[in-house]
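# Summary of the model geometry
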Amino acid sequence: GAVVSQHPSWVICKSGTSVKIECRSLDFQATTMFWYRQFPKQSLMLMATSNEGSKATYEQGVEKDKFLINHASLTLSTLTVTSAHPEDSSFYICSARDSGTGPNQPQHFGDGTRLSIL
Amino acid sequence: DAKTTQPPSMDCAEGRAANLPCNHSTISGNEYVYWYRQIHSQGPQYIIHGLKNNETNEMASLIITEDRKSSTLILPHATLRDTAVYYCIVSGGGADGLTFGKGTHLIIQP
């Protein structure tokens, strides 16, 4: 149980392109999902909290107009990197917590999306 | 969320118990201790969590000191596939994202 699927797992695109990453909770519902970013040899950094049916909450220093988040259903959140540039190349990872369990139950992570901008 | 301190790296022989320490001296009363691990180029994998009692599941055991200022993750019989970066995270849960430190790079030696 508690599987989070992320798609695509790997994408290469040209500078200026917009890229959409999907995060799905396969066997549970998630009112809240989270998006993280990880640069090489660094730890995960929280980018934003995605809330079903409402606006996402962004961490300080993360541009909301560049990283568009949509959480249209209880099982799907999407992250769109708009007008991507080489400095946006990174490993993007989502997580979700089962809304049907207690608030201290763990987050479960997807396998990440490796984004390379040429 | 409270900050945690972990050793940057540890070695352990295959088949032996791996004991990973974590200090969280500023933990609040309502914060849990979570352990995750990340194998290279994958998303973090949940291992175990606890509030104040010791916990055990099929993957590991979690020992939390009585004052809750530190904890130890125990992998009872380490295998080569347990080589990963292990993160100890303290969080109140709910709608909060997790704050990852640098973790401990555990290397299991054959």
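The structure reproduced in this document is the subject of the present report. (Residues numbered from 1 in each chain as written. Chains lettered and ligands numbered in written order. Predicted model: local features only at pLDDT ≥ 70, side-chain atom pairs only at ≥ 80, totals over all residues. Heavy atoms only, no water.)

Turning our attention to the nonpolar core. By size, the foremost hydrophobic cluster in this structure holds 24 residues, and its most contacted members are W35(A), F67(A), L79(A), Y92(A) and L115(A). Within the second largest apolar cluster, 21 residues are counted, among which are V33(B), L75(B), A78(B) and Y86(B). (Core = buried A, V, L, I, M, F, W, Y, C linked by side-chain atoms within 4.5 Å. Buried < 20%, exposed > 50% of the residue type's maximum accessible area, 1.4 Å probe, protein only.)

Residues and elements named next belong to chain A. Per the counting criterion, the structure on display carries two disulfides over all chains. Across the disulfide, C23 is cross-linked to C94 (sulfur-sulfur distance 2.0 Å). Note on the C23 and C94 pair: the S-S dihedral is about 85 degrees, so by sign convention the disulfide is right-handed. Within this pair, whereas C23 is found in strand β3 (residues 19–25), its partner C94 is found in strand β9 (residues 90–96), the two being separated by 71 residues in sequence. (Disulfide = S-S within 2.5 Å. Helix = DSSP H or I, 4+ residues; strand = E, 2+ residues; numbered from the N terminus.)

As a further point, take the interface of chain A and chain B. Facing the 20 residues of chain A at the interface are 20 residues of chain B. Note on chain A versus chain B: buried area summed over both sides is about 1,600 Å², and carbon and sulfur give 52% of it. Connecting chain A to chain B are zero salt bridges. Viewed at the interface, chain B and chain A are joined by seven residue pairs in polar contact (both at pLDDT 80 or more). (Contact = heavy atoms within 4.5 Å. Buried area = accessible area lost by both parts, 1.4 Å probe. Salt bridge = Lys/Arg side-chain N within 4 Å of Asp/Glu carboxyl O. Polar contact = N/O pair within 3.5 Å; in protein donor to acceptor, adjacent residues only side chain to side chain.)

Let us look at the sheet that holds strand β1 (residues 4–7) of chain A. Residue and element names in this part refer to chain A. Overall, antiparallel pairing links the four strands, which are arranged β1-β3-β8-β7 in an open sheet. Looking at strand neighbours, the two that pair on one side only are β1 and β7 (67–73), the edges of this open sheet. Averaged over all pairs of adjacent strands, the angle between their axes in this sheet comes to 15 degrees, without regard to strand direction. (Pairing = 2+ DSSP bridges. Axes fitted to C-alpha atoms, helices over the stretch in contact; angles between N-to-C directions.)

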